[in-house]
Amino acid sequence: MEHEFISTLRQRFDLWERQNQAHPVLRQEFQKIETLREQLKQALNPEQFKIFSEWEECSNWIQAKEKERLFYQGIMEGLQFCTAVIGAGQIPMSHYDE
């Protein structure tokens with residue numbers, strides 16, 4: 001069951017990521033980054049650019065994993081909080097039937 005839950009969260013996370021990438025303001029920023037990357041490629045020799053590209057790939061990967069982990073931790077803490085609040089009787093379940 002937990003695996004299905006994590007899989008569902010990953011699908012939602014991927015969907016939100018795609019939606020963010022399509023956002024007009026973010027698209028402008030992605031284009032700006034790509035333009036700067038091309039300028040850097042022109043300024044560096046091929047070996048330097050290769051090293052930079054490898055660094056960039058590793059850096060992006062670890063940042064993405066960190067954000068994904070924080071997302072899952074936030075979901076789990078939110079679920080624990082909701083369970084505690086409902087269990088304490090602070091929010092009657094009948095409110096969910098409305």
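Just above, that's the structure.
Computed from a predicted structure; not experimentally measured. (Residues numbered from 1 in each chain as written. Predicted model: local features only at pLDDT ≥ 70, side-chain atom pairs only at ≥ 80, totals over all residues. Heavy atoms only, no water.)

## Quick word on the packing of helix H2 (residues 24–43) against helix H3 (residues 46–87)
Between H2 and H3, the least distance of the axes is 9 Å, while the angle of their chain directions is 145 degrees. Side by side, H2 and H3 meet where Arg37, Leu40 and Lys41 of the first sit next to Phe49, Phe52, Ser53 and Glu56 of the second. (Axes fitted to C-alpha atoms, helices over the stretch in contact; angles between N-to-C directions. Helix = DSSP H or I, 4+ residues; strand = E, 2+ residues; numbered from the N terminus. Contact = heavy atoms within 4.5 Å.)

## Thoughts on the packing of aromatic side chains
This model, assessed by the stated rule, comprises five aromatic pairs. Pairing Phe13 with Phe71 gives two aromatic rings, centres 5.0 Å apart and planes at 50 degrees, and the pair type is tilted. Of this pair, Phe13 sits in helix H1 (residues 2–22) while Phe71 sits in helix H3, placing them 58 residues apart in sequence. Each residue in the set Phe13, Trp16, Phe71 and Tyr72 is aromatic and connected to the rest through ring pairs, giving one cluster. (Phe/Tyr/Trp six-rings, centres within 6.5 Å; stacked < 30°, edge-to-face > 60°.)

## A word on the side chain of Glu68
Secondary-structure assignment places Glu68 in helix H3. Residue Glu68 is classed as buried on the basis of its relative accessible area of 11%. Here Arg10 takes part through its side chain, which lies 2.7 Å from a polar atom of the side chain of Glu68. (Buried < 20%, exposed > 50% of the residue type's maximum accessible area, 1.4 Å probe, protein only. Polar contact = N/O pair within 3.5 Å; in protein donor to acceptor, adjacent residues only side chain to side chain.)

## Topic: the environment of Arg10
Its place among the elements puts Arg10 in helix H1. As for Arg10 and Phe71, which are separated by 61 residues in sequence, their C-alpha atoms are 9.7 Å apart. Those residues in contact with Arg10 that lie beyond four places of it in its chain are Glu68 and Tyr72.

## As for a nonpolar patch on the surface
A contiguous nonpolar surface patch, about 230 Å² in accessible area, is contributed by Phe5, Met76 and Leu79. On the secondary structure map, Phe5 appears in helix H1. (Patch = residues over 30% accessible without salt bridge, like charges linked within 9 Å, V, L, I, M, F, W, Y side chains within 5 Å. Areas by Shrake-Rupley, 256 points an atom, 1.4 Å probe, with all protein chains shown as cover. Salt bridge = Lys/Arg side-chain N within 4 Å of Asp/Glu carboxyl O.)

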